[in-house]
Amino acid sequence: MATHKLLLLPGDGIGTEVMGEVKRVIAWLNKNGTAKFETEDGLVGGASYDADKVAITDATMARAQAADAVIFGAVGGPKWADVPYEARPEAGLLRLRKDMALFANLRPAICYPALAESSSLKKEIVEGLDIMIVRELTGGVYFGEPKTITDLGNGQKRAIDTQVYDTYEIERIVRVAFELAKKRRNKVTSMEKHNVMKSGVLWKEVVTQVHSREYKDVQFEHQLADSGAMQLVKYPKQFDVIVTDNLFGDILSDIAAMLTGSLGMLPSASLGEMDPKTKKRKALYEPVHGSAPDIAGKGMANPVAMISSFVMALRYSFDMQKEADLIDQAVAAVLAKGLRTADIKSDGAKMVSTQQMGEAIVAEMDTLAK
Ligand code: IPM
Ligand code: MN
């Protein structure tokens, strides 16, 4: 039986609480699954700052690089508002993404039938929704240099961020999108702002070339990112795969999350290039939500995005489709039974804690596996 090595980085705030529920799922798989997981814990974000004055240590980075997958909770919170910029909690996550070269961020927005009423949008707009946002994750304005604030000496300061993309970065991310679309509903929408940004002009040019050179059979369109954001709330079911840059992807995926009922529902996978020899790729799995300091420690957080992120690890890193389907079905069944954490509560539903939600999902896995 294969043994997979996981590095668990719960991080801050609700990160530790939702990671606790993933551990429950891992324990179940170790008893009943077709592979074993060895887990190690590590510190990232504010938790790492408190211990070591950095957002992630070199030693933890080395463990992340050596793991078969990193399972990540969330980072940040008001406690660290005044730490040096380089050591802010988010820097830990950004270093993981950059140093592990996790350029492809997959954010699937699926509206569970039971939650169609929980969205702030009308039921008929979101019911049956199933879209995949493919966000470029190691380039763009997140990492472009220069990135500075300069004192101009006249009582003014100047802040500069740099949006930068090379051809190869656009090519490799849009290939991921086209490949995914082929296994889905065969449609890709690329979003940028070529009407104001040079990086958008190049993005559009490169996507168009990759499409006509390699993916002619995939239905393909461009949308300006602002109009695309509007279309996402107006008629989201028109989309199958959306491919976009790092910053637009950050924003558009938060919108997509709300279509599913709550930010607490949206998982993500961050993947590197496949190693042609080992056929493995570096990978980190994290929920799209943040550390939610306002509800941290109260047992209120929704563990579904975190558990579903682990399900993505089963699918994309370990090819354990059967187990992944089982957990997805268990989540759907628990929601269908009316169990709800606070973020997705609705009339007549049973309010449960983070832990109760995790326990209910594992109990459902037991039932389904019989
Ligand atoms: C996300 C988060 C991060 C991002 C933050 C925590 C740096 O919002 O994963 O979407 O902006 O990428
Ligand atoms: Mn975000």
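Criteria and thresholds
- Residues numbered from 1 in each chain as written.
- Chains lettered and ligands numbered in written order.
- Predicted model: local features only at pLDDT ≥ 70, side-chain atom pairs only at ≥ 80, totals over all residues.
- Heavy atoms only, no water.
- Salt bridge = Lys/Arg side-chain N within 4 Å of Asp/Glu carboxyl O.
- Helix = DSSP H or I, 4+ residues; strand = E, 2+ residues; numbered from the N terminus.
- Expected span 1.5 Å × (residues − 1).
- Buried < 20%, exposed > 50% of the residue type's maximum accessible area, 1.4 Å probe, protein only.
- Arc of directions from axis to C-beta.
- Contact = heavy atoms within 4.5 Å.
- Polar contact = N/O pair within 3.5 Å; in protein donor to acceptor, adjacent residues only side chain to side chain.
- Domains from an automatic or database assignment.
- Buried area = accessible area lost by both parts, 1.4 Å probe.

The next thing to look at is the pattern of salt bridges. Inspection of the entire model under this criterion finds 25 salt bridges. Asp250 is paired through a salt bridge with Arg135; the nearest N and O atoms lie 3.8 Å apart. Of the two residues, Asp250 is situated in helix H9 (residues 246-259) and Arg135 in strand E5 (residues 130-136); the sequence distance between them amounts to 115 residues. Notably, a salt bridge pairs Glu214 with Arg175, separated by 2.7 Å at the nearest N-O pair. In this pair, Glu214 sits in helix H7 (residues 198-214) while Arg175 sits in helix H6 (residues 167-182), placing the two residues 39 residues apart along the sequence. Within the structure, one salt-bridge network assembled from shared partners comprises Asp130, Arg184, Arg185 and Asp240.

In this model, H9 (14 residues) spans 20 Å end to end at C-alpha, consistent with the 20 Å of a helix rising 1.5 Å per residue. Taken as a whole, H9 has its buried residues at Asn246, Phe248, Gly249, Leu252, Ser253, Ala256, Ala257 and Leu259. The buried side chains of H9 occupy one side of the element, clustering within an arc of 165 degrees when seen end-on. Where the residues of H9 are buried, they touch strand E4 (104-110), helix H5 (123-126), E5, strand E8 (187-192), helix H8 (225-234) and strand E10 (241-244). The N-cap of H9, judged by a side-chain oxygen 3.1 Å from the amide nitrogen of Leu247 a few residues on, is Asp245. Trailing H9 by a residue or two, Gly261 shows a phi angle of about 115 degrees, which is positive.

For the protein chain, the domain assignment lists domain 1 (1-110 + 266-370) and domain 2 (130-259). A separation of 25 Å is found between the C-alpha centroids of domain 1 and domain 2. The interface is formed by 19 residues belonging to domain 1 together with 21 residues belonging to domain 2. Both sides together, the interface formed by domain 1 and domain 2 hides about 1,700 Å², and carbon and sulfur atoms give 65% of it. Of all residues in domain 1, the largest losses of buried area upon contact with domain 2 belong to Phe103, Arg107 and Ala109, amounting jointly to 35% of the total for that side. Here domain 1 and domain 2 share six residue pairs in polar contact (both at pLDDT 80 or more) between them.

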